[in-house]
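What follows is each chain in one-letter form.
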Amino acid sequence: MAQTSSRSFFAPTSPAPKFGPRTGTFTIEREGSPIAHTTPTPNVLTATSRGIVPHLSRDHLHLSQAIQHVQLPFESFIDRNPPIPTLVDGPHPLHSFLGYTPKSHILTLTLRDPSDGRKMPPNGSDFVSAHCTRGVRKVTASAWKNYVQKCKPDIVVALSDTPFTFPPHSQKRLAKSIERSIAWLAHILKSPLGSEGVDGSRPRRLLVHLAGGANLDARSEFAERLTDPVEHRDAAELAPFNTLDEGVAGYVFDLLPLRTALSSAIHPMMDEGDLAGGLVRISDRHSSSPEISANLAKLMRSSLAVLPQDKPRIVNSPASPHEILRLVRDIGVDLVDSFWAQRAADMGIALDFRFPVHDDTTSSCTPTRKRPSGKSDLGHNLFDSSYVHDHVRLAAAFLDGQSVPDSQSPALPVCDCVACSPRAPSSRVLHSSVDEQAWNDPACPTSPEAKQPPFTRSYVHHLLHTHEMSAHTLLAMHNISVFSAFLAGVRRVLASEGTEGFAREVARFEDAYDEMLALWTEAGAMWIAVERARGKGRLAREKEKQTESTIGTAVDV
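My aim in this report is to walk through the structure given alongside it, one point at a time.

Conventions we followed
The residue numbers shown here count from 1 along each chain, following its written sequence. A pLDDT threshold of at least 70 governs which residues receive local features in this predicted model, and a stricter bar of 80 or more applies before side-chain atom pairs are shown or counted, although totals over entire chains, interfaces and linings include all residues. Hydrogens are left out, water is left out, and the side-chain values use all remaining heavy atoms of the structure. The pairing criterion is simple: DSSP has to find at least two bridges between the two strands. For helices the rule is a DSSP run of H or I covering at least 4 residues; for strands it is a run of E covering at least 2, with both sets numbered from the N terminus onward. Here an axis means a line fitted to C-alpha atoms, over the contact stretch when the element is a helix, while the angle between two N-to-C directions is reported on a 0 to 180 degree scale. Every residue pair with non-hydrogen atoms within 4.5 Å of one another is taken to be in contact. Whenever Lys or Arg places a side-chain nitrogen within 4 Å of a carboxyl oxygen from Asp or Glu, that contact is recorded as a salt bridge. Accessible area is worked out with a 1.4 Å probe on protein chains only. A residue is then buried under 20% of its type maximum, exposed over 50%, and partly exposed in between. Whenever a pair of cysteine sulfur atoms sits within 2.5 Å, that pair is classed as a disulfide.

1. What about the sheet that holds strand 9 (residues 155-157)?
Then, number 1: In spatial order, the strands read 4-5-6-9-10-11-12-13; together these 8 strands close into a barrel with parallel pairing. Pairwise comparison of adjacent strand axes, ignoring direction, gives a mean angle of 25° for this sheet.
Then, number 2: In the sheet, strand 4 (residues 43-46) pairs with strand 13 (residues 335-337) via 3 bridges, with the strands oriented parallel. When the sheet's bridge partners are listed, V44 is paired in strand 13 with V336.
Then, number 3: This element, helix 7 (residues 255-263), spans strand 11 (250-254) and strand 12 (313-316) of the sheet and lies at about 45° to strand 11.

The structure is reproduced here in structure tokens:
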């Protein structure tokens, strides 16, 4: 019997509509393990770089309750041949090599980083161009299948011929993209004659990018090709599948190339290397709006129209929470990439928003700033000097762990991240009998698992301006937790108020929070200025800045 089955991977809570908000459950069962990993949806798909969550150590990773589904771009490992992860033995090579826990973390393996929008050399008929630390490498369909078999991830994304040359793309290029993507999908699904995939040659849970770019007809054609009967010459190796879609467990939408294609007629294209010396990414310049969300939803519908609705839908690189809510409302998505929230941590932004919107006037913390439009920011730019003496927790929309007694039900939700709800470590090195006495005293705030005061905005502001790595660590853990709480709020509203109530709450969110993300523009500029205040070329930049500031005022003597 074939091992690839969408039913064992995702189950909607109720009969899922073709398009519209929905909840469900992911269930991952591994061979040889009686424990099944279950997560409710919609949920967070945590982004990584070089196999790790940026700014987080292994200890931080295990302290975060929000990090469960993790996406691993494999391209960062192909600078060596063979890639190092393929040399690791055991039932869970990727987990053991990168420090993830099989019982806590679900690993999705993809070749390319979906948040990387830099211009790339074109793909070929039998390879995909991927970017690693030593430049561009060519990865063939056979090599990718070999990497997957050796790394044994929980979920695999099939190769797709997504053009990363600047749009617009011709009809001929889109036709090539469809043909190649179909051929590469068939290749990874093939297994030796008679085995039907039970020998491990076929991924158990395989996702596919829905190709076709920003062309409605091309996207529809690709989806129809998935549901067409397999060619007779491939039928034996693809058995027992009658169509390629039967071997697919879910669908992936990379929004970054779609948004780039939609905006190419309006904004001139730039490579990431041209943006602030590489500090700024293409996705940082993208914004969301009701019009863009409507266009994205139209493209997604054209792909999903002929496909079954009971398979999960994964969205990468959304531009804002507003865009996520609209796609949940209009399409129905199940996993959402958290790159947006993690990128905010790079820029020194502490997220501070909730769904559904809750107007609380009892909080002792300064709320987010209101823009001239009357809408609030989605967070705080902690690079700003206004936070020098702001000695409160990072988010006003959440409580910290220490302020809530265990016996009470809090008026606001509690942010359980390490920044807002730190706890004393469960073990530590004791140097004397005095240390041992304090460590074993339950009343002592340093006793195991004792609640600690939250890290404050002023403290993180100080860390940012002194280039301390722990600043981004605290912000990354906080932002992922806030993003996870945001999607948990989506699930609660759908469960309690249904589709109509969810639509009302989406409208309230749009009215309450600034979608233009002006805060991101301000924080990005300050972040770049602080980063340029150190490192190679610092003295030359300071001299140039000083010269510019004295133009028209300096006097030669």
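So, next bit.
2. Overview of the pattern of salt bridges
Then, number 1: In total, this model carries 23 salt bridges according to the counting rule given.
Then, number 2: A salt bridge links R22 to D334; the shortest N-O distance between them is 2.6 Å. In this pair, R22 is assigned in the loop between strand 1 (10-12) and strand 2 (24-29) and D334 in the loop between helix 9 (321-330) and strand 13, connecting sequence segments 312 residues apart. Considered together, R22 and D334 belong to a single accessibility category, that of buried residues.
Then, number 3: Through salt bridges with shared partners, a single ionic network connects E75, R112, D116 and R118.

3. A look at the state of the cysteines
Then, number 1: Under the defined criterion, the tally for this structure stands at 0 disulfides.
Then, number 2: Free of any disulfide, C417 has its nearest cysteine sulfur in C415, 3.5 Å distant.
Then, number 3: Here C417 falls in the buried class, since its relative accessible area comes to 3%.
Then, number 4: Between C420, a cysteine without a disulfide, and C417, which holds the nearest cysteine sulfur, the sulfur-to-sulfur distance is 3.7 Å.

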